[in-house]
Amino acid sequence: MAASPLAMKKPKHGHLEKNWVGLLFFLPFFILFVVFTIAPVVVAMGLSFTNYNMIQTPDFSGITNYKLLFLDDDIFILSLKNTFTFAIITGPVGYLMSFVSAWVINNLKFKTGFALAFYIPSITSGVAMSVIWLVVFSPDKYGYLNNFLINMGLISEPIAWTQDPTQLMTVIVIIQIWMSMGGGFLVFLAGIQNLNRELLESGKIDGIKTKFQELQYIILPSMKPQLLYGAINSVTGALGVYDIAVAVAGFPSPNYAVHTIVAHLYDYAFVRFQMGYASAIAIVLFAMTFIIGKIIMRVLRSE
Amino acid sequence: MQTKRKLSRLLSVVLAVFLVLPLVFGCYVNAAEKLYGAENPYTDELIKELMDIPFYSVLKRSYDKAGYRAPSDAPENTIVVTPDTITGENGEKVTLSNRGPADDQKNAFYWTYDNKTVTWTFEITEAGLYQFALDYYLEPGKGADPVRKLLIDGEKLYYEADNHIFYRYFADENGDDRVLNTDGDEMRPRALEINKWRNVDIVDYYGFFSMPIAIYFGEGTHTVTMEYYSGDMAIGDLTVSPMETLKSYADYKAALQADGLYKQATTIEPITFEAEFHTERNGSAIRREADGDPACSPYQWDKKILNIIGAGTWYKANKAITWSFNVKEAGVYKIALRQFQAYNDNISSFRKIEIDGEVPFAEFAEYEFEYSSNKSWKNYTLSIDDEAVYYYFDEGEHTITMTVVMGDYTELIQSIYYDMQLMTDFMNDIRQITGANPDYNYDYGFYDGDDKRGFKAKFQMMSDSMAWKYDFLVENSSTGKIPSMANSFKFLKTSFDTAIKYEYRIAKLYDTDFLSAQSSLSTYYSQLQSQNLAIDDFTIYNDGYKLPKRESTFWQKLSSSIKNFFLSFTKDYDSIKGVQGAAQPEEIVKVWIARGIDWAELFKELADTTFTPESKIGVQLSIMPAGQLTAGATNALMLAIASGKNIPDLCVSSDIGSPAEFAVREATYDLSTFEDFDIVREWFLDVCMNPLTYNGGVYGLPETMDFKVFFYRTDIFEELGLEVPETREDIYNYIMPALYRQQMTVGMGRDELTYILQHGGSLYTEDLLYSGLGTPEAYLAMKEQTDLFTKYAVPVQQDFYNRFRTGETPCGIGTFATYIQLKAAAPELNGRWSIALLPGLEKVNTETGETYVDRSHSGSIATASFVMATTEKPNECWALLKWWMSEETQTEYGVSIEGIVGESARWNSANLESFDKMNWNVEDLQVIQKTREWVYEYPYILGSYFTTRHLTNAYTKVVMNHENLRDALESAVRDINRELKMKHEEYGFGHLYETEGV
C-alpha cells in the first residue's frame, strides 16, 4: 500500500487525483506545445481553405488552393523534386555520416574535442555558415574552390557555382551534408557510450573479433531508440531545407534549381502575399513528413 | 599507474613553464628599440619623380636649402589687396556687392561657380617668404564648406593647393547651459552657425604644416589665383605679409623676465572652465559627448551628462575649438587640461595651441598629447621638456584655441603616400609583364638586363621605407612600447625583402602580399591622419595651487558600472523625452527608421530642435534594422500590420517597392490627397515618383537617390592611350580589345533593364498589362546582354572595387555606392580615376535626323518613406514628412552626417537641390546631373516581381545552360503574363483584361 501513486494502475476517476503532481509538471510544456505547435497547424489548416494576404481579412475559397497546387502548379512539382532529391541524398548520407562519426570518435582519445568539432556546424546558424561557404564557392575566379581548380589546371574558366543551375544542387547538397553531420551525432554518441558493458564482454566471449562485427551484432540492435530519433530528425531536417539554399543561391534560385518546398512556401507567403495558398503548401508538407515519419517508426520498430 | 601519474605531473609542469616563459620574455622584448637604422629613402629628388607636384613640406625644404627667409617687418612688405582689384577668368574686373551680416556689410565679391578663377595682383618690393590671409564671409545655410584651389603666378606649386577649405564656424545653441530632458539626461544642443566676416591664414588642409603656407616671391609683380572647386562665398581683402617666425619658449620666458612680468599672481584660486562650454568650433560634427568616467566633471552616475568634448569627432586636420575665459589678476599661470588620448595604439595626437588667436612660441605650434597606456584620463599641465609652461595673462578675457595638426607624423604620413604611389607604379609595371593572372611558375625575368626595369631598386626602396617607418615609430613612441602599426611595417618589409632575394617569387607576391600591402598602407594612411583627443575641462593655475590628479580608481569605476547595470532595468532608453519644463508637444508621431544609430540619432536631434518647437508635434523614434520595414518578409512591420498592434505612423528609409506593395493591400496612405502635394512633388526627380504610384495614388516619398555612371582609371587609360567610350559599340570594338590584350577586364555586369530601355523596348506593353519581352527590341537587348558573357567573355562575377584598385579592371559601370567606396576607401587612387556618362546606344533621331547616344537606364531611387494607412494623425505625419524631405533639413542632415561619420556617409538625398549642395567635386556633380535626364522608372505593377525573376531565369538559361534565347524569352513571357493576369484579378483589376477577350 505504500507504493508510489504513479506506479499503480487505478480506475479513471482516481487517476487525476493520484497523478496531479506529475500532470502539473507536464502542464507548462503542454501549454506551450499546444499554443506554439498544435494551434498554428490547426490555424494553417483553416487558412488553407481561404485567400488571405496577411493584411486584409481572409475570405473563404474552398479547396481552390489545393486544386491549383496539385493540378496547376509546375513550380510546386519542381520543388517537390528538388526537396526529395535533397532528402534522399542528404537524409541517409547525413544520417550515416553522423552515426559513423559518432562510432569512430567513441573509439578515440580526446572524445570531447572531436565531438565538439563535429557538432559545431549544426548548432551555428545556417546563414552564418553559408556566408563562409560562399567564399569557397564564389563564382569569382578568386573564390577558394575556383582558384584551387584553376591552379591545379583542372579548369580554365571559373565555374559559376552559385549561379549555374546544374552546379547549384551539388553545392547545396555538400553544404547540407556538412551541416547535418552533427544532427543526431550527440544522441548516437550518448547511445554508444551508454551501452551495457556486459553485452560487449559477452559478445567477445561469443567470438566477436572485429569492431565491425561488434557494430553489427551488438551496437546497432541496442540503439533502436536513438536510431529512430536520428532518422526522424534528418528526414524533417531535409524536408525543411531553406535558409542555406537561399543564402547560397539567392531567392529564388536561378531557374528554380534549388527551389525547395519551403522556399516555394515563402515565395507565396511573403513575396506574393498569398498566405492561404502557402498554408495549403504547409499542410501538404506536414502530411508528407507525418507519413514518412510513421513509416520510419514502423520500420525501425519491427527490426 | 605510478609512472602515468608522474608523467602527467611532469607534463603539466612543462606546460606551465612554456606558458609563463613567453609572458616573462614578452615584457622585455617589447621594449622599443631601433632595429634597422635605415634612412628615409625618399629624397626630395625622388619625391619629385613620384609626384609631379610634391607636398608643401618638400617645397619648404627647398626654400630652406636655398636660404630663403622672411623679409623684414617693414610696412610696405604687408600688402592688402582689396576686392576692387580682383580680376576674373577673362582678366576683367569682377563686380562687387555688399555682403555680410546686417551689422557688418563690406564691399565684397560674391564668388559663385560662374567665375571659375579669381586673381589678385600685387607688387613685391623685398624678396622673401610671404604668407597669405583672406577675409571671407559665408552666407548662412548654403551647405558644405567651400573649397578652393590655389595657384601662385598661375602655377600649382604644391600638392595641398588643390584643397583649401574655408570653414563654417559653429557654437552650441545654449552656450554654457545644460538643457535637461524630463528624465534628467542632458540633451545635445543644436549647432548654430556664426556668420561673420573672418580673416583666416591660408593653411595646409592636411595639417602637415601647422603654420600658414609661406611662398617665396622675388621682387616684382606677382599674382595669386584661386580656382572654384565647390561652394559659394564672399571674399574681401587678401593680405600678403612676411612669414611669421616663432620664437622659442625660452626666448618668450626671457622676454617676460626682462619686462618684469614673470611673476605669479597672488590669488591661489585657479580659473576653471568646462571644455564642453566652448565659444566656437569650425565643424558642426565636433560636439559634446557623454563620458561615464566617475572623475569627470560634472558627473552623475545615473544621468547622461554631456561632460566632455572631442573624442570620436575631433580628429580631422584643421578642426579647431576655441574657449574663452576671464583672468582676474594679471600674472604668469600654468595651463592644465583633463584629457584622454588612447585612440591609436601607442600613437600620439598633436594640436596647435593658440592663445588669443596667435601661436605664442614654436613649441605650441605642434604640441604632442601622448598616448595613455593605461587608457585613463589625465589631469595634465602643458609642459615643454617636462617643465611646466608659464604663460603671462593680463587682466581680462582671453581665448585658447586648439587645432588638429599632424605634427611629427607628417613625415611618416607623407612617406606612406609615396609608398602607395611607388607601389601603384610598379604594380602597373609588373602587370604589364605578367598580365592580370600571373603564372607563379613562370620565369618572367623581372631582373633581366641587370635590373634595367628597376624593380629591384624599387623593392629595395620599399623595404628601406618600411624599415625607416618602423624605426621612426619606435623612436617617437612616447610610451616606450612598440606601436602595433610599427610591427605591421616590419611585416611588410619581409615581403619586399623576399622579392629582392627571390626573383621567382615575385609573381606570387604580386597576387597576394603586394595586394594586401596596398590595402594596409591605405588603411594606415587614413589611420595616422585621425588624431583624436577628448577634453573634460581646463584649469589655469599658479604655483600656489596643487593640481588634483582626478583619475578615477578601479573601485569607483566598478561601483559605477554595477550601479548602472541595475539602473538599466528601470531606465527607459528608447523613447525621446521632451525638454524638462518645456511644454509637452500636443501630438506625438511614432516613427520607425531603418538606419544605423548615428543616422537615427541625428534625425531625432534635428526633429527635436527644428521640427517640434514650431509644429508642436513630437517625434517618437524607434530604430529598426534594415529590412524590418520592407514588404516581402516576416519582419516587424508586417507582423505589426497583420496583428493590428503597435503599427507606427510613419516609416522612414524603407526600400522603394514597399510603399506600393503595401498600398495594394490598403496599408499605406495616399499622399497625393494632401493639398500641397504637387509642390512637394517638384522637389524630386519626376520619374522617381513612378515606383511609388499605384492606381492613381502616390504612396510614398523618395528619400535617397542613386545614379549609374561609368568609372575609369585615368592613369591606365592615359597609359594605354584610350578615350572614354560614348557608346557600348565603342567598348566592344575599341576598349575591350585594347584591354584584353593586357589581360584586363571590363567591369560590366547584368543590367537587362538598361539594355531593353536603350534598344527602345519596354518591360511591359503600353497598357502595362502584358509583358513586353516578346518584342524584337527586347530580343535584341537580351541578345546583347547575354552576348556580353558568352561572346565577349566578361566574367560573370567580379569584385569591381578590388579589381579597380589593382588596375585589373580599369573601367566599368558602377553606382553611388561604388563612387563612395572608391572615394573613401581607396585614397591612393585619388586623382587617378574619374567618372563619365554611361555609355549608351547610338541612335538616329527620326525627326531631326541627327545621331545621338541614348543613355537610358533605370535604378535611380535608393530608399523611400511612407505613411501607414492606419495612422490617426495623417496631417501630422505629412507635416513631418514634408519637413524631413525639405531642402533645409536634408542639407543640414547631409552635412552633419558626413561630418560625424565621414566621407563614406555622403548623403544622397532625393531632394535634388539638397543633393547638389553636398560636398561633390564640381565635375563629378555635373556628370551626375546629366545622368538624370536619361533615367526612367516603371510605375508599380501588380506581379512585377515576376518580370525580374524571369529575366534572371532567361539570362541563366542562356549564359549557363546555353539554351536558345528565343525559347527562354518565350517561356518567360508566358509565365509573366499569367502571373500579371492572376494578380490583377486578385485585386479587382481583372476587368482590364476583358476587352482583350482573354
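None of the values given here were measured: they were computed from a predicted structure.

Conventions used here
Residues numbered from 1 in each chain as written. Chains lettered and ligands numbered in written order. Predicted model: local features only at pLDDT ≥ 70, side-chain atom pairs only at ≥ 80, totals over all residues. Pairing = 2+ DSSP bridges. Helix = DSSP H or I, 4+ residues; strand = E, 2+ residues; numbered from the N terminus. Contact = placed C-beta atoms within 7 Å. Axes fitted to C-alpha atoms, helices over the stretch in contact; angles between N-to-C directions. Buried ≥ 20, exposed ≤ 12 C-beta atoms within 10 Å, placed from the backbone. Arc of directions from axis to C-beta.

A.B. asks: Account for the sheet that holds strand β34 (residues 708-713) of chain B, naming residues and giving values.
C.D. replies: Residue and element names in this part refer to chain B. The 4 strands lie next to each other as β35-β36-β34-β37, forming an open sheet whose pairing is mixed. Taken across any chain shown, the strands that pair with only one partner, and hence form the sheet edges, are β35 (746-747) and β37 (833-836). Where β34 lies against strand β36 (residues 811-815), 5 bridges are found, and the strand directions are antiparallel. In the sheet register, Tyr712 faces β36, and the bridge partner there is Cys811. With respect to the sheet, helix α21 (residues 816-825) is in contact with β34, β36 and β37, its orientation differing from that of β36 by roughly 110°.

A.B. asks: Outline unusual backbone geometry, supporting the account with residue identities and numerical values.
C.D. replies: All names here are of chain B. Of the consecutive residues Ser297 and Pro298, the connecting peptide bond is found in the cis state with omega at -15°. By secondary structure assignment, the location of Pro298 is in the loop between β16 (288-289) and β17 (308-310). For Glu666, which is not glycine, the phi dihedral falls at a positive 60°. Take Glu666: it is sitting in the loop between α14 (657-664) and α15 (677-681). By C-beta crowding, Glu666 is classed as partly exposed, having 14 other C-beta atoms within 10 Å. Even without being glycine, Asn695 reaches a positive phi, approximately 50°. As for its position among the elements, Asn695 is in the loop between β31 (693-694) and β32 (697-698). Note on Asn695: 15 C-beta atoms within 10 Å, which makes it partly exposed.

A.B. asks: Go over helix α5 (residues 126-136) of chain A with me, naming the residues and quoting the values.
C.D. replies: Residues and elements named next belong to chain A. Buried within α5 we find Met129, Ser130 and Trp133. For α5, the angular spread of buried residues about the axis comes to 105°, placing them on one side. Turned more than 90 degrees off the buried face of α5, the exposed positions are Val127, Ala128, Val131, Ile132 and Val135. Elements that come into contact with the buried residues of α5 comprise α4 (111-123), α7 (165-180) and α12 (243-249).

Interpretation note: all reported values are geometric properties and have no functional meaning in isolation.
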